[in-house]
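Summary of the model geometry
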Amino acid sequence: MEHPPQTSQTSLQRRKWSTKEDVVLISAWLNTSKDAIVSTDQKAGAFWKRIVDYVNASPLLSGAVPREWSQCKQRWGRINEQVCKFVGCYEAAVREQASGQNENDVMKAAHDIFFNDLGIKFTLEHCWRELRFDQKWKSLGVPKEGPKEKKKEAEEVVAEEEGAEVRPPGVKACKAAKRKRQGYDEIHSMLAVKKEIHQQKLLERLLAKDPTHLSANEITLMDKLISEMI
């Protein structure tokens, strides 16, 4: 693939991405990566050419200076990396959500966790909102049960057991078992998020390579990763 002159590329690289451009780029990436007809057969160069064509042809960006494929690729890499990290922060905020807190409180906590962990502010919330319900970035968090629900379930379990006179030990054992199951669920969710992030980074590295230099195994792996996104 031909590269534009260095002066033009350098000048364009300095132009900041607007929120509208980010939204169009995300739409382009999602549509291209999930195209059932070409997704498993497209090479890295063709993949990004389709994306930049989509972005530059969007009526939402009418009159804007066209982007280069390398700019789209670089911007998507930053969006993907930071959104994946924020997903983990949001999950942590959901798990720590206190009684009476609303969605705004959870979002503020997620931003605080992101800043404390990475030392920078998360400025791509608009990108996260576009991607949050897609399978790869979908929130794995579930609302926490309140104390009343926990108590009721424990009492029902104890009442069904023979010898209900020993209710206090039964309640404690039930609560301990529930906490243990919840711990397993949280670990499972964290591992799932880490797996998604790992696969995303692996696919990004493969797409970053010159298609003509990819080995047969790398091509097979890239096709497999892309097909899993469909």
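Conventions and cut-offs
Residues numbered from 1 in each chain as written. Predicted model: local features only at pLDDT ≥ 70, side-chain atom pairs only at ≥ 80, totals over all residues. Heavy atoms only, no water. Helix = DSSP H or I, 4+ residues; strand = E, 2+ residues; numbered from the N terminus. Buried < 20%, exposed > 50% of the residue type's maximum accessible area, 1.4 Å probe, protein only. Contact = heavy atoms within 4.5 Å. Axes fitted to C-alpha atoms, helices over the stretch in contact; angles between N-to-C directions. Parallel < 35°, antiparallel > 145°, perpendicular 65-115°, else oblique. Left-handed = near helix turned anticlockwise from the far one by under 90°. Salt bridge = Lys/Arg side-chain N within 4 Å of Asp/Glu carboxyl O. Expected span 1.5 Å × (residues − 1). Arc of directions from axis to C-beta. Polar contact = N/O pair within 3.5 Å; in protein donor to acceptor, adjacent residues only side chain to side chain.

Identification of the chain as Glutathione S-transferase T3-like from Raphanus sativus is taken from an unreviewed UniProt entry.

Some words on the environment of cysteine 84
Among the secondary structure elements, cysteine 84 is positioned in helix α4 (residues 69-95). When its relative accessible area of 8% is taken as the criterion, cysteine 84 is described as buried. Sequence-wise, cysteine 84 and arginine 132 are 48 residues apart; in three dimensions their C-alpha atoms are separated by 9.7 Å. The contact partners of cysteine 84, leaving out residues within four places of it in the chain, are Trp137, Ile197 and Gln200.

Digging into the packing of helix α2 (residues 19-33) against helix α3 (residues 44-57)
Between α2 and α3, the least distance of the axes is 9 Å, while the angle of their chain directions is 135°. One way to sum up the angle between α2 and α3 is to call them oblique. When you trace α2 past α3, the crossing you get is right-handed. Counted together, Val24, Leu25, Ser27, Ala28, Trp29, Asn31, Thr32 and Ser33 of α2 and Phe47, Trp48, Arg50, Ile51, Tyr54 and Val55 of α3 form the full contact between these two elements.

Focus: the pattern of salt bridges
Close approach of charged atoms allows side chains with opposite charge to pair. On inspection of all chains with the given rule, the structure shows 8 salt bridges. With a closest N to O distance of 3.3 Å, aspartate 112 and lysine 108 form a salt bridge. Placement of both aspartate 112 and lysine 108 in helix α5 (residues 103-118) is noted, with a separation of 4 residues, approximately one turn of the helix. According to the relative accessible area criterion, lysine 108 is exposed, its value standing at 55%. For glutamate 125, the salt bridge goes to arginine 129, with nearest N and O atoms at 2.6 Å. Here glutamate 125 and its partner arginine 129 are both found in helix α6 (residues 125-131), 4 residues apart, which amounts to about one turn of the helix. A relative accessible area of 25% places glutamate 125 in the partly exposed class. Members of the salt-bridge network, linked through shared partners, are Arg15, Glu21 and Arg67.

Examining α5
Turn by turn, an α-helix covers 3.6 residues, leaving residues three or four places apart pointing in a common direction. Given a rise of 1.5 Å per residue, 16 residues ought to cover 22 Å, and the 22 Å separating the end C-alpha atoms of α5 matches this to within 8%. Inspection of α5 places Val106, Met107, Ala110, Ile113 and Phe114 among the buried residues, and these make up the whole buried set. Down the axis, α5 shows its buried residues gathered within 120° of arc, on one side only. Exposed and oriented more than 90 degrees from the buried face of α5 are Asn104, Lys108 and Asn116. Buried-residue contacts for α5 involve α4 and α6. For α5, the capping residue at the N-terminal end is asparagine 102, with a side-chain oxygen 3.1 Å from the backbone nitrogen of asparagine 104. One or two residues past the end of α5 sits glycine 119, with phi positive at roughly 80°.

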